[in-house]
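Descriptive analysis of the structure
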Amino acid sequence: MQFAWMLDVAQLLILGGILLGFVRLAKGPTLPDRIVALDMMTISLVAFSAIFAVQTSNSAFLDIVVVLALIGFVATVAMARFSERYLRKTTQESEHSHEDTP
């Protein structure tokens, strides 16, 4: 009986974390901030789904947990790679513009 309310509290705390992550995702201010916020939200969704699987005693949600975790990992790596390329491109463009000024 006491275990059930602990799971409810955990889900509420995770939902609060997802909400705060969404605020960081919306406000930014930089691309890396948004990437970290999105990764944190993905991890929170994985935790929420895992707790829901325990609450309902339905192991089908554990498949969802694994898929969400894999997609979150791949998405984070892809976004980090995009961010690195974007940073290189903007750095090279700013270096070229400084060379042209007398």
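Analysis parameters
Residues numbered from 1 in each chain as written. Predicted model: local features only at pLDDT ≥ 70, side-chain atom pairs only at ≥ 80, totals over all residues. Heavy atoms only, no water. Helix = DSSP H or I, 4+ residues; strand = E, 2+ residues; numbered from the N terminus. Buried < 20%, exposed > 50% of the residue type's maximum accessible area, 1.4 Å probe, protein only. Contact = heavy atoms within 4.5 Å. Patch = residues over 30% accessible without salt bridge, like charges linked within 9 Å, V, L, I, M, F, W, Y side chains within 5 Å. Areas by Shrake-Rupley, 256 points an atom, 1.4 Å probe, with all protein chains shown as cover. Salt bridge = Lys/Arg side-chain N within 4 Å of Asp/Glu carboxyl O. pLDDT = per-residue confidence, 0-100. Phe/Tyr/Trp six-rings, centres within 6.5 Å; stacked < 30°, edge-to-face > 60°.

What follows is about the side chain of Q11. Here Q11 lies in helix 1 (residues 2–27). Residue class for Q11 comes out buried when judged on its relative accessible area of 10%. The contacts of Q11, once residues within four sequence positions are left out, are F48, I51, F52 and Q55.

Moving on, we come to a nonpolar patch on the surface. On the surface, a cluster of nonpolar side chains totalling about 630 Å² of accessible area is made up of F3, W5, M6, V9, L13 and V54. Here the nonpolar patch gets five residues from one element, more than from any other, and that element is helix 1. Among the structural elements, V54 can be located in helix 2 (residues 31–56). Overall, the relative accessible area of 46% leaves V54 in the partly exposed class.

Quick look at the environment of D63 now. Topologically, D63 is positioned in helix 3 (residues 60–100). Along the primary structure D63 and S44 are separated by 19 residues, whereas in three dimensions their C-alpha atoms are 16 Å apart.

For the rest of this paragraph, the subject is the pattern of salt bridges. On inspection of all chains with the given rule, the structure shows one salt bridge. E84 is the partner of R88 in a salt bridge, and the nearest nitrogen-oxygen pair spans 2.9 Å. Taken together, the residues span about one helical turn, with R88 and E84 both in helix 3 at a distance of four residues.

With that settled, the discussion passes to the confidence of the model for the chain. Residues of the chain with pLDDT of at least 70 account for 93%, and the chain-wide mean is 88. Helix 1 holds the highest mean pLDDT among the elements of the chain, 93, whereas helix 3 holds the lowest, 85.

To continue, consider the packing of aromatic side chains. For any pair of aromatic rings, the description rests on two quantities: the centre-to-centre distance and the angle between the ring planes. Inspection of the entire model under this criterion finds two aromatic pairs. The interplanar angle of 20 degrees and the centroid separation of 6.3 Å between the aromatic rings of F82 and Y86 together place this pair among those described as stacked. Linking F82 with Y86, this pair stays in helix 3, spanning four residues, or about one helical turn. For F82, a relative accessible area of 53% puts it in the exposed group. Overall, Y86 belongs to the partly exposed group, its relative accessible area being 48%.

Mapping S83 onto the fold places it in helix 3. Judged by relative accessible area, S83 falls into the buried class, the value being 13%. Contact partners of S83, with chain neighbours within four places excluded, come to L31, P32 and I35.

In this structure, P29 follows G28 across a cis peptide bond, with omega equal to 5 degrees. The topology assignment puts P29 in the loop between helix 1 and helix 2. You will see that S57, though not glycine, has its phi angle at about 55 degrees, which is positive. Along the chain, S57 falls in the loop between helix 2 and helix 3. Residue classification places S57 among the exposed residues on the basis of a relative accessible area of 66%.

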